[in-house]
Structure formats: structure tokens, C-alpha cells
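Each chain is listed here by its residues.
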Amino acid sequence: MATLFRVARSPTTLLAMQTPVDPTTTSAWSDLSRTAESFYVDFRKWFEEDPERAKRFSREAADLYVDFSKNYLTDEVLEMLVRLAKEVQLEERRDAMFAGEIINTSEQRSVLHTALRRPKGDELMVDGVNVVDQVHETLERVYDFAEQVRSGSWVGVTGRQIKTIINIGIGGSDLGPVMVYEALKPYKLNDIECRFISNIDPADMYEKTHDVDPETTLFIVASKTFTTLETMTNARMAKNWLINSLRAVNAISDSEKQRAEAVAKHFVAVSTALDKVEEFGIKRENAFGFWDWVGGRYSVDSAVGLADVIALGKENWQEFLAGFHAMDEHFRTAPLEQNVPALMAMLNVWYNNFFDAQTHAVLPYSQYLHRFPAYLQQLTMESNGKRVRWDGSPVTTQTGEVFWGEPGTNGQHAFYQMIHQGTKVIPADFIAPINPAHALSESGTDVHGLFLSNFFAQTSALAFGKTADEVRAEGTAEEIVSARVFPGNKPTTSILVPEISPRVLGELIALYEHITFVEGVVWGINSFDQWGVELGKVLAKQIAPAIDGDREVLAQQDGSTQNLIEHYLDNRN
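Small disclaimer: the values here were computed from a predicted structure and weren't measured.

Attention now moves to the pairing of strand β13 (residues 428-433). In terms of burial, β13 is largely enclosed, as 6 of its 6 residues are buried. Residues Ala428, Phe430 and Ala432 line one face of β13 and the alternating positions Asp429, Ile431 and Pro433 line the opposite face, and both faces are buried. Relative to β13, strand β11 (residues 359-364) is paired through 4 bridges, and the arrangement is parallel. Looking across to β13, one finds that Leu363 is bridged to Phe430. Here β13 runs beside strand β16 (residues 492-497); their pairing, made up of 6 bridges, is parallel. In the strand pairing of β16, Ala432 is matched with Leu496.

Before going further, it helps to spend a moment on the domain arrangement of the chain. Per the domain assignment, the segments making up the chain are domain 1 (23-88 + 334-523), domain 2 (125-314) and domain 3 (532-571). With centres defined by C-alpha atoms, the gap from domain 2 to domain 3 works out at 32 Å.

On the UniProt side, "active site" (unreviewed entry) is annotated at positions that read Glu382, His413 and Lys537 here. Spanning 156 residues, the named residues are also spread out in space, since their farthest C-alpha pair is 36.9 Å apart. Checking the annotated residues one by one, the ones that line the largest pocket turn out to be Glu382 and Lys537. If you trace the backbone, His413 turns up in the loop between β12 (402-404) and α16 (416-421). A relative accessible area of 75% places His413 in the exposed class.

To continue, consider helix α5 (residues 90-99). Burial runs high along α5: 7 of the 10 residues are buried. For α5, the full list of buried residues reads Leu90, Arg93, Arg94, Ala96, Met97, Phe98 and Ala99. Just downstream of α5 lies Gly100, where phi reads positive at about 90°.

What follows covers the sheet that holds β13. Taken together, the 6 strands give an open sheet; going across it, the order is β2-β3-β16-β13-β11-β12, and neighbouring strands pair in mixed fashion. Pairing within the sheet leaves two strands with one partner each, and these edge strands are β2 (58-61) and β12. Each strand of the sheet is rotated relative to its neighbour by a mean of 20°, with strand direction disregarded. Both β11 and β12 contribute to a ladder of 3 bridges, which runs parallel. Each residue of the ladder has a partner; that of His360, found in β12, is Phe403.

All right, on to the pairing of strand β3 (residues 64-67) then. Examined bridge by bridge, β2 and β3 share 4 bridges and lie antiparallel to one another. Bridge pairing in β3 places Ser58 opposite Asp67. Taking the residues between adjacent antiparallel strands as the criterion, β2 and β3 are bridged by 2 residues, where Ala62 takes a positive phi near 55°. The pairing of β3 with β16 spans 3 bridges and is antiparallel. Note that in β16 the partner of Tyr65 across the bridge is Leu496.

For the largest pocket, the calculated volume is near 1000 Å³. Of all elements in the fold, only α7 (172-183), α9 (229-248), α15 (372-384) and α20 (534-547) reach the threshold of two or more residues within the lining of the largest pocket. With 4 residues, the single largest contributor to the lining of the largest pocket is α20. The residue inventory of the lining of the largest pocket, partitioned by class, reads 13 nonpolar, 16 polar and 10 charged.

Our focus in this paragraph is the packing of aromatic side chains. Scanning the model with the defined rule gives 37 aromatic pairs in all. Relative to Tyr72, the ring of Phe39 lies with its centre 6.5 Å away and its plane at 45°, an arrangement referred to as tilted. Placement of the pair is Phe39 in the loop between α1 (27-37) and α2 (43-49) and Tyr72 in the loop between β3 and α4 (75-87), with a sequence separation of 33 residues. Its relative accessible area of 7% is what places Tyr72 among the buried residues. Centre to centre, the rings of Trp291 and Trp293 are 4.9 Å apart; their planes meet at 5°, and the pair counts as stacked. Take Trp291 and Trp293: they sit in the same class, and that class is buried. Chaining the aromatic ring pairs together yields one cluster made of Trp29, Phe39, Phe43, Trp46, Tyr72, Trp350, Tyr351, Phe354 and Phe355. The cationic tip of Arg53 hangs over the ring face of Phe47; the distance from NZ or CZ to the ring centre is 5.5 Å. In this arrangement the basic side chain of Lys239 is found over the ring face of Phe280, its NZ or CZ atom lying 4.0 Å from the centre.

A few words on the packing of α20 against helix α22 (residues 559-571). Running from amino to carboxyl end, α20 crosses α22 at an angle of 45°, the nearest separation of the two axes being 11 Å. By the angle between their axes, α20 is oblique relative to α22. α20 and α22 meet at a crossing whose hand is right-handed. Contacts between α20 and α22 pair Ile543, Ala546 and Ile547 from the former with Thr561, Ile565, Tyr568 and Leu569 from the latter. Considering only residue class, the contact of α20 with α22 consists of 6 nonpolar, 1 polar and no charged.

Calculation notes
Residues numbered from 1 in each chain as written. Predicted model: local features only at pLDDT ≥ 70, side-chain atom pairs only at ≥ 80, totals over all residues. Heavy atoms only, no water. Buried < 20%, exposed > 50% of the residue type's maximum accessible area, 1.4 Å probe, protein only. Helix = DSSP H or I, 4+ residues; strand = E, 2+ residues; numbered from the N terminus. Pairing = 2+ DSSP bridges. Domains from an automatic or database assignment. UniProt positions renumbered as here; feature names shortened; annotations may be inferred. 1 Å grid on protein atoms, 1.4 Å probe; cavity = no way out; pocket = protein on both sides within 12 Å on 5 of 7 lines; lining within 4 Å. Axes fitted to C-alpha atoms, helices over the stretch in contact; angles between N-to-C directions. Points joined across faces, edges and corners; volume = space filled by probe spheres on them. Nonpolar A, V, L, I, M, F, W, Y, C, P; charged D, E, K, R; others polar. Phe/Tyr/Trp six-rings, centres within 6.5 Å; stacked < 30°, edge-to-face > 60°. Lys NZ or Arg CZ within 6 Å of the ring centre and 35° of its normal. Parallel < 35°, antiparallel > 145°, perpendicular 65-115°, else oblique. Left-handed = near helix turned anticlockwise from the far one by under 90°. Contact = heavy atoms within 4.5 Å.

Spelled out as C-alpha cells, the structure:
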């Protein structure tokens, strides 16, 4: 049955345009502040006194099983966190987002990444247009093109089948597609290899192109405006590489017509700037658009994921989108007490604002998720690294966390020392698949079981630690007893999933999208703009002439920048 939302947008009545609630003025915030002052964490005691604690504080969302029991959480704290969410009008703002109201106030845009995964036949009417229909029209074009490439009906300029896809993007146009490609490698349908170029450092271009055949390579240039400095610089370098490489093997001549044919057969675009796409040499019909209500870091499930669709195929991509939608529906409909994204976000607020937690670790026990923490860095820190609220007034609390992490067990031999015995509160999310993509054994031992024994052991050790008496009982010399004590009471959330499948990956991404949103609502900030990335880009354009020897521009720079540029120019080979 289709779900219907209709939006009649009147700026004078929108919740999104109202002054955000100052969380520090709410009764829940006051109660949490008083509670935090005398809050004593004792996981050993809590679990001994409440054998059902793990079950009481575990929740399910779509295919995810989430254990909150090893967090600084009591029934009283849970009640206060839920009350805070209600007092800052989380439910109303969530509903406004899903309905297409303009909650991105600084850019006057709706925030409709959730529409990218709405089932065909749903209606979401915004300004008289059903955006779900638009999404599925583009999806069908993406599916058709991906099938042409996979089947070999789309060929390069010399008639040879495409073997390598190189995606050129940056930010969300790179981090999302490469993360998904790495995570879902077991679901690839053929031997087409996908590579990803984002860094303007020429080394990135060289490493991704020097060993591939230009006759069998297809570039995807992903830039909504087709003006992004890094992406377009790399796209022009890729065009030069393609033409020069084809000429070197006598695949094309130096005629303008053959150069244009080569670009048209070896480049497609993900963009809405069709005039600029054509100027570059890509045909309009080979440009796949998305909308201004999709932010870059929320765009992997749009046409930005074209390379992944080619690799995975239509059915797997539909499962991926279904996973997103399942988590969307859970977030949209579940009571806050049972709402996993809301609870995870409110716990983050609890740690950030009441225990001075500066960072948040995401620790996937799956090598296929090795790029997931990097993906979350952009999603969370670009969204919530803000110092003003959505009405332009200063924030009244600390905002944002530094997200970071590595797959287990690699991280155990790197930074877990600090989490276990350091002085900082570092909340950590542990994520693990119950079933591996590849079941292997070594000398009769189930290696995946051995792998997950580390997952279970680490969260247990972080929670319960090891006392001085327990260390002494092991026969440890007294002078090093203190060094071997583990204080425990370190907060973790455990997330178990059936497997790292397209559906589950979609659920995980949507989970953190909604966590990010909830935190932004509590802090009163607009999580959907990113003005902080602009100043450095503007200055880079202004400084560039100085790098080329313009002394006048060099003289306009600050003393440190002048000194650094001069040292660079004096010592460049």
C-alpha cells in the first residue's frame, strides 16, 4: 500500500522555521545535569543485581540486534533522555523532514534523502510534484545503463567491452561509493573492477590509471554542479590521459572528431548541470541527475552510486535500498523508547554533553566494512560540526563528536589500549555479522567464531575490567599490579547483524544518518549544510596564482603562508 505525504509549504507556519528549543532550558536537561554530577557507573554491580539487564536494554531495528546494556544507562536515565528528545520536538522535526518541509533553512531546501529509497508507487508530493516518481525514473535509467555496461552492449570507442570503471568524485561522491563497493564485494556480479579517484594529488590519478587499458575503461564524473574544483581537475586529467593513451596505441587519430567520440564513449556523468556536462564532451543522455534536496554525504543511494550499481546489479541494489527504507520506517514509526537511532543518538548526547566525551569509535568486526568509519566521519562531522543553531544564534552546548575507527582485530593491536586503560571516555559501537561471507577453518577451528570471540571479549573487558585483586590472584608481582588493572566501566553498544548483505548495509547507513539527525535536533543545529568546507576552497583558488609565480598575489598572503610558499618554490625540483 502506498504511503502518501502531501506538503503545502507556507514559511510562516513551518516548524522548521521556528526558533530551535534551547536544550539547556528543558526540564530533562536539568535532571540529566543533576544526575551526571553524582552518577556512579558500576557495570559489575548493575549486572549482578539485574540478571535481565541485557535483555531489558536490547532493541531490534529491521535486521539489527542492538545491545545497549553496557552503556551509562539506567531506567531513570532512559526516561530523561527520551523526555529530552520530546522536549526539543524531535518527533515533530522528524515528521517535518519525512514530509519534505524545508528544514535545511540556510539553503532553503527540503531534506529528502529518505525519498531515494521509497518504494515505487509511494507518493511524496512537494510543491505539486511526486518526488518518488522522479527518483524511480532516474533509477530505471541507472539500471538500464548498468546493464548495458555489464552485458557488453556499451563498448568503448574501439568496440571493446568495458573492464574497468573509474569513479571521479570527492566527499560524498567518493566516500559513499567506495565504501559500498568494498563492503559488498561478495555480491559483485562479474569481473568488472571499480576504482575511485578523489584526491587532487596527482598520485591518486596515476595509481588508478597507470596499469589499466584505456580502450576498456569507463570514467564516471560525479559532481552535481560540474564545477567542484577537485573533481573537475581530475576529470580533465582523466580526459587527457584517455586521449593521449588511445593515440599512443593508434586507437584514435588526432582529429577533433575522434577525440570527441572517445570522450563520449568513455565518460558519463552524475550531475544536473547538463550544459557543463555537454561542454566537457559527455552527451546529455549519459548524465544521471539528482536533486538539491540530496546532500552529498546522503547521496550514495542516488545516481552517485552508479559504479556500485554496475558492479552489483539491479536486484542487489534494490535490496540495498530496501534496507535503507526499513530503517527509515523504524525511525519514523517506532516509539522513542524502542527507537534504535533515537536511543543511540541520545546516548551520544549524554556522553558528549554530560561526560565530556570528545570522540566516538566505530569498530566493525568485518574487514568488508573497513571504509565504514571513514564514511561516517563525513556523515557525522560535516553534519554536526557547527557552532550556530539553525536560526543563526550561537549554540548553547558542545556539538559533534570526532568519529573514528578501524576494523577489529586490527584496532585491538593499535588503539584499544587507550580505550581500555586511558583517561578519556570513549563510547564505542561494535558491529559484527553473525554469518561470514566466507566460512573458513584452520586446524578444525571456525575462524569466524574465533574472530567474533574477540568481539564479545572486548566489549566484556571494557565493561567489567580486571581488579587489582584479580591481577594479584594471577601471581603478578606487586610492583606491576597497578599497570595491569583494567578499570572497566567503559561504554559500548553492540550491534549484531545477520550478515554484511546489501540490505543490512543499507540499514546500517540509514541508522547513522538518523543518529546524526537526532543529535542535530537536540543541539538545535542544521545538520544539512556544510559552509565550513567553503573558506579553504575559496582561499586555495586565490592562492593558486602565487604558486605559479605571481609575486603580487604572494605579497597579499599572511606572513606564514608567504614563507611556506617561498620555501616550496625555492625547493621544488
